[in-house]
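# Chain and residue survey
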Amino acid sequence: MVEIVNVVASGALDAELDLERLADDIGEPVARYDPEKYPGMYLRFEEDAPLITVYRTGKFIITGADSEEESYSFRERFLNLFSDMDVIERPENKWFSIQNYVCTAELGQNLNLNALVISLGLEKTEYEPEQFPGLIYRPDNGNCVILVFATGKVVITGSKQTADAECCFADFKNSVYKTL
DNA sequence: TTGGAGGCTTCTTATATATTGTGGTGAT
DNA sequence: ATCACCACAATATATAAGAAGCCTCCAA
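We now turn to the structure provided with this report. Values in this document were obtained by computation on a predicted structure and should not be read as measured data.

### Brief notes about the protein's contact with DNA strand B
Near DNA strand B there are 19 residues, and of these Asn6, Tyr38, Arg44, Pro133 and Thr151 occur at the shortest range. Of everything in DNA strand B that lies within 4 Å of the protein, sugar and phosphate atoms constitute 70%. The side chain of threonine 151 places a nitrogen or oxygen atom 2.7 Å from a phosphate oxygen of DNA strand B. Elements represented by at least two residues in the surface near DNA strand B include exactly strand E1 (3–12), strand E5 (59–65), strand E6 (96–106) and strand E10 (153–159). Residues that form the surface near DNA strand B fall into these classes: eleven nonpolar, five polar and three charged.

The following block contains the structure:
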């Protein structure tokens, strides 16, 4: 069972933005803008909701959603806000797509990571417990990276589609069970 | 000299370790 | 009152991806 814990998506608006003015109009705490610190303006509609980072060029990213649907619904709220403010005109047809899924999964048993380095292949793994407790596995057919922990818990990240993450985990699971 | 390439900044999220820091409590 | 000590919290470490803007470095 692969569970999505974070979705990163990006898109663009057909407009150049005056972030200073927008941040003033929207106000805190929904809008946060500190160009000295970072060039993007942050928008967060409510506590614990996904974060929307908006740039001068009109490009934006949405992080912290836990499903594709949530990403799209927050994009809608964002576009509605900007059209209500007459910043953009609807419909907004510029691109928007999911860039990264971060997922978790469990193998259901403890693992010997030192042994796993050998069975998964030295060239595909990195494991330096003094630096970080997780084993980093990069499948060569994969479009994802897997972090493996001694508890059997796993993080799959870097996929642009949930099916890819599920595939990666299924392959990984097979490799692990083969060597047990 | 200039431009391009690369690396860093910010943020999100799960995961798990070590380390640093802070606060409180007990004893002197 | 002041110091030792313990508990807990926060931060660092690492991963992916997007974005803009700054930096450094190297080549033409």
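More follows now that the structure is in view.
### Digging into the sheet that holds strand E8 (residues 135–137)
One open sheet holds the ten strands; their spatial order is E2-E3-E4-E5-E1-E6-E10-E9-E8-E7, and the pairing between them is antiparallel. Bordering the open sheet on either side are strand E2 (31–33) and strand E7 (125–126), each of which pairs with just one other strand. The sheet contact formed by strand E4 (residues 51–54) and E5 spans four bridges and is antiparallel. Within the sheet, the bridge partner assigned to leucine 51 lies in E5 and is threonine 63. Set on the sheet, helix H2 (residues 68–84) makes contact with E1, strand E3 (41–43), E4, E5 and E6; between it and E5 the angle comes to about 135 degrees. Sitting on the sheet, helix H3 (residues 113–120) is in contact with E7, E8 and strand E9 (145–148), with an inclination near 15 degrees to E8.

### Things to note about the side chain of asparagine 100
With respect to the secondary-structure elements, asparagine 100 resides in strand E6. A polar atom in the side chain of asparagine 100 sits 2.8 Å from the backbone nitrogen of glycine 158. Beyond its immediate chain neighbours, meaning those up to four positions away, asparagine 100 contacts Asn6, Val7, Val8, Thr157, Gly158 and Ser159.

### A word on the environment of leucine 17
Note on placement: leucine 17 falls in the loop between E1 and helix H1 (19–26). For leucine 17, a relative accessible area of 6% gives the class buried. Sequence-wise, leucine 17 and threonine 125 are 108 residues apart; in three dimensions their C-alpha atoms are separated by 43 Å. Residues in contact with leucine 17, not counting those within four places in the same chain, are Leu22, Val54, Tyr55, Arg56, Gly58, Phe82 and Val87.

### Structural notes on the protein's contact with DNA strand C
Around DNA strand C, a shell composed of 22 residues is seen, among which Tyr55, Arg56, Thr57, Arg138 and Thr157 lie nearest. The sugar-phosphate backbone supplies 63% of the atoms of DNA strand C found within 4 Å of the protein. Note that a base nitrogen of DNA strand C is positioned 3.0 Å from one of the side-chain N or O atoms of tyrosine 38. One of the side-chain nitrogen or oxygen atoms of glutamine 131 is found 3.3 Å away from a phosphate oxygen of DNA strand C. Going through the elements one at a time, E1, E5, E6, E9 and E10 are the ones with two or more residues in the surface near DNA strand C. Looking at the surface near DNA strand C residue by residue, the class counts come to ten nonpolar, eight polar and four charged.

### Description of the pairing of E1
Note: E1 against E6, eight bridges, orientation antiparallel. Among the inter-strand pairings, serine 10 is bridged to a residue of E6, identified as serine 97. Bridge count between E1 and E5: six bridges; the pairing is antiparallel. From the neighbouring strand, valine 8 faces E5, where its bridge partner is threonine 63.

### Looking at the pattern of salt bridges
Evaluated as defined, the whole model comprises six salt bridges. The residue arginine 90 makes a salt bridge to glutamate 76 at a minimum N-O spacing of 3.2 Å. With arginine 90 in the loop between H2 and E6 and glutamate 76 in helix H2, this pair connects stretches of sequence that are 14 residues apart. Note on arginine 90: relative accessible area 35%, which makes it partly exposed.

Conventions and cut-offs
Residues numbered from 1 in each chain as written. Chains lettered and ligands numbered in written order. Predicted model: local features only at pLDDT ≥ 70, side-chain atom pairs only at ≥ 80, totals over all residues. Heavy atoms only, no water. Near = heavy atom within 4 Å. Polar contact = N/O pair within 3.5 Å; in protein donor to acceptor, adjacent residues only side chain to side chain. Helix = DSSP H or I, 4+ residues; strand = E, 2+ residues; numbered from the N terminus. Nonpolar A, V, L, I, M, F, W, Y, C, P; charged D, E, K, R; others polar. Pairing = 2+ DSSP bridges. Contact = heavy atoms within 4.5 Å. Axes fitted to C-alpha atoms, helices over the stretch in contact; angles between N-to-C directions. Buried < 20%, exposed > 50% of the residue type's maximum accessible area, 1.4 Å probe, protein only. Salt bridge = Lys/Arg side-chain N within 4 Å of Asp/Glu carboxyl O.

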